[in-house]
Protein chains: 2
Amino acid sequence: MTEIIAITDPSDVRLRLYRDVKDRDLTGREGLFMAEGRVVIERLFVSPWCVCISVLTTPDRLKMLDISQAGDVPVYVVDQAIMDQVAGFAIHRGYLALGRYSGPAGLGEVLKPGRVRVLALSTIANTDNMGGLMRNAAAFGVDAVLLDAACCDPLYRKAIRVSVGGVFQVPHIRVPNLVEALTAHGVAPYALSPSGAVVLDDVAPAERSAFLFGAEGPGLAPEVMAACTSVRIDMHGGFDSLNVATTSGIVLYHMCR
Amino acid sequence: MTEIIAITDPSDVRLRLYRDVKDRDLTGREGLFMAEGRVVIERLFVSPWCVCISVLTTPDRLKMLDISQAGDVPVYVVDQAIMDQVAGFAIHRGYLALGRYSGPAGLGEVLKPGRVRVLALSTIANTDNMGGLMRNAAAFGVDAVLLDAACCDPLYRKAIRVSVGGVFQVPHIRVPNLVEALTAHGVAPYALSPSGAVVLDDVAPAERSAFLFGAEGPGLAPEVMAACTSVRIDMHGGFDSLNVATTSGIVLYHMCR
């Protein structure tokens, strides 16, 4: 049962983990993440991979939040001034929530036998791009997102926001070596690169396929490229520059049908 | 002939338009725009629609800048400390440039007889999205970008940066009414919307086609939708949410081949 709890004391201990939101963005909150915005938090409520720990909002905003699927979660209700004071800046959207991610126990849990589509990311350190990639993964229904050690956390506050909660819908898992993990599960790796050998339209993806993306600029490491079918998107006269999240949208649109 | 001019006095009048970069972002600089970063400025040098007025950089960064196509442009060279002081914040990329946009005289100049592809934007007020849209327009070689009155300026500093200079390659033009302007030039309008009547794959675009996008959330106005063939991109189980720049990438990839 969702419990609505009015709080009037900004030093209330139950608000502890909502303090100084910005300062704690990159250091974490005892393994929890912070979500913001109504749509994002409603997606957190129904996430198969995350648990919502609590919600912080204002009396007016509470009326607009659909808590019918929130489950057994305390919703703390404070005045906007207290919310801003606790968080350390103005929370215009009027909603914060704490959550905990419990991803799959292993790749086998999400890469079941039969058709799979995987998004595999290397060195994506930009939270905007990470959020955009996770949003596209959710929109096109990929089965899992694999991350190497050099990727940022998809559960950073900004990545969650940019993903519009897509990060709650698709499981992500960090692996030591993308190609080895995929190969071990019988998933064929396709690497996107401006210098790819095959144009996207000519790719007939295997039943079990993964699409690998690296950071804009450096791209994927040569040893990763060498282990994959390399794929390119042809562009117009000399302007060989697409954002990595946009590229993933084009590729996943094609490959996840 | 490109002229290299060392400046040691931060109050030098030639640095006037480089002052207080951030404060002037939205108010303009006597009709000029400001570009930043090496790749972006090199694209400005070869823009068919823009003139570079001057460049500001440091001695070290100058060595890496390809000025072979810069033309008759003064390049002011200052120490990093002066650059930061003049601009009002740390210019990590080490390059700024002023430019002037002189778009087409009218739509007829860019929508010549025969095949055309147009990106038409309504109420795109977010500079990140505007930059992403312009980047995709350049990558897929659209002939022109049309903007309604509620779109932000594609020449805002951040939009230029996000476009990676794509805004210098594709002409943009503001029109009072997107559909009327397109119809007057015999261009068929296709409107993207989650509720579109036709799925993207089933669209056989006319020889002269425009693709219309509105802001995420509100989308295109009903009267605009009614005048267009409405097109949708099918997404996965309930997650009907794509970024507008990503959507434009998917659509332009399909339609500009």
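Residues numbered from 1 in each chain as written. Chains lettered and ligands numbered in written order. Predicted model: local features only at pLDDT ≥ 70, side-chain atom pairs only at ≥ 80, totals over all residues. Heavy atoms only, no water.

As named in an unreviewed UniProt entry, chain A is SpoU rRNA Methylase family protein, taken from Asticcacaulis biprosthecium C19.

**A few points about the overall build of chain A**
Note the cut-off: Helix and strand definitions follow DSSP, with helices as H or I runs of at least four residues and strands as E runs of at least two, each counted in order from the N terminus. We take the radius of gyration over the C-alpha atoms and set the globule estimate at 2.2 Å times the residue count to the 0.38 power. Type-normalised accessible area, obtained with a 1.4 Å probe on protein chains alone, sets the label of each residue: buried when under 20%, exposed when over 50%, and partly exposed for intermediate values. Contact definition: two residues touch when any of their heavy atoms are within 4.5 Å. Note on areas: Shrake-Rupley with a 1.4 Å probe; residue coverage comes only from the protein chains shown. Under the convention used here, Asp and Glu are negative, Lys and Arg are positive, and both His and the chain ends fall outside the count. For charged residues, the charge sits on one atom: NZ in Lys, CZ in Arg, CG in Asp, CD in Glu.
Broken down by element type, chain A carries 10 helices and 12 strands. Taken against the 2.2 N^0.38 rule, which gives 18 Å for 257 residues, the C-alpha radius of gyration of chain A at 20 Å falls within 12% of a compact globule. The proportion of buried residues among the 257 residues of chain A is 58%. Excluding contacts between residues fewer than 6 apart, the proportion of contacts in chain A whose partners are at least 24 apart in sequence is 74%. Accessible surface, chain A as shown: approximately 10600 Å² in total, 52% of it carbon and sulfur. Charged side chains in chain A number 23 positive and 27 negative. The centres of these two groups are separated by 3 Å.

**Brief notes about the domain arrangement of chain A**
Residue and element names in this part refer to chain A. Formally: By convention here, the domain bounds are inherited from an automatic or database domain assignment. Throughout, buried area stands for the accessible area (probe radius 1.4 Å) lost by two parts on being put together, summed over both.
In terms of domain boundaries, chain A breaks down into domain 1 (3-101) and domain 2 (107-255). Each of domain 1 and domain 2 has a C-alpha centre, and these two points are 31 Å apart. Each partner contributes residues to the interface: domain 1 has 19 residues there, and domain 2 has 14 residues. In total, domain 1 and domain 2 occlude about 1500 Å² of area from one another, counting both sides; carbon and sulfur atoms represent 63% of this. Contact with domain 2 buries area across many residues of domain 1, yet E36, W49 and Y101 alone supply 36% of it, more than any other trio.

**Quick look at the pattern of salt bridges**
We apply this condition: Definition used for salt bridges: Asp or Glu carboxyl oxygen within 4 Å of a side-chain nitrogen of Lys or Arg.
Scanning the model with the defined rule gives 18 salt bridges over all chains in all. Of the charged contacts in the structure, one is a salt bridge between D60 of chain B and K63 of chain B, with a shortest N-O distance of 3.5 Å. Highlighted residues: D60 of chain B and K63 of chain B, both in helix α2 (residues 59-64), separated by three residues, approximately one helical turn. Each of E36, R157 and R161 of chain A takes part in salt bridges that share partners, so that together they form one network.

**Digging into the packing of aromatic side chains**
Geometrically, a pair of aromatic rings is defined through the distance of the ring centres and the angle of the planes. Rules: We call Phe, Tyr and Trp rings a pair once their centres come within 6.5 Å, taking the six-membered ring for Trp, and we label the pair stacked below 30 degrees between planes, edge-to-face above 60, and tilted otherwise. Two conditions define a charge located above a ring, namely a distance within 6 Å from the ring centre to NZ of Lys or CZ of Arg, and an angle within 35 degrees of the ring normal.
Per the stated rule, a full pass over the model turns up six aromatic pairs over all chains. Centroid distance F140 of chain A to Y253 of chain A: 6.1 Å. Interplanar angle 75 degrees. Geometry classified as edge-to-face. Here Y253 of chain A lies in helix α10 (residues 244-255) and F140 of chain A lies in the loop between α5 (127-139) and β7 (144-147), a separation of 113 residues in the sequence. Neither F140 of chain A nor Y253 of chain A differs from the other in exposure class; each is buried. In this arrangement the basic side chain of R43 of chain A is found over the ring face of F239 of chain B, its NZ or CZ atom lying 4.2 Å from the centre.

**Focus on the pairing of strand β12 (residues 229-232) of chain A**
Residue and element names in this part refer to chain A. This is how it is decided: Two strands qualify as a pair provided DSSP detects at least 2 bridges between them.
Here three bridges tie strand β9 (residues 188-192) to β12, and the two strands are oriented parallel to one another. Across the sheet, residue Y190 finds its bridge partner in β12, namely T229. Looking at chain direction, strand β10 (residues 198-199) and β12 are connected through two bridges and run parallel. Bridged to V199 within β12 is R232.

**Side note on the relation of the copies chain B and chain A**
This is how it is decided: All copies are superposed by least squares; the fitting set is the C-alpha atoms of residues with a pLDDT of at least 70 in both.
Screw-axis analysis of chain B against chain A gives a translation of 0.0 Å along the axis, an RMSD of 0.0 Å, and a rotation angle of 180 degrees. The symmetry that links the two subunits is that of a two-fold axis. A shared interface surface links the copies, since 100% of the contact residues of chain B are contact residues in chain A too.

**Some points on helix α10 (residues 244-255) of chain B**
What counts here: One less than the residue count of a helix, multiplied by 1.5 Å, gives the span that helix is expected to have. For the purposes of these results, a polar contact is taken to be a pair of N or O atoms within 3.5 Å, where, inside protein, one atom must be able to donate a hydrogen and its partner to accept one; residues adjacent in sequence count only when each atom of the pair is a side-chain atom.
With 12 residues, α10 of chain B ought to run about 16 Å at 1.5 Å a step, and its terminal C-alpha atoms sit 16 Å apart, in line with that. Buried within α10 of chain B we find V244, A245, T246, T247, S248, G249, I250, V251, L252, Y253, H254 and M255 of chain B. Along its buried surface, α10 of chain B packs onto α5 and α10 of chain A together with β6 (116-121), α5 (127-139), β9 (188-192) and β11 (208-213) of chain B. Regarding α10 of chain B, its N-cap is N243 of chain B, as a side-chain oxygen of that residue lies 2.8 Å from the backbone nitrogen of A245 of chain B further along.

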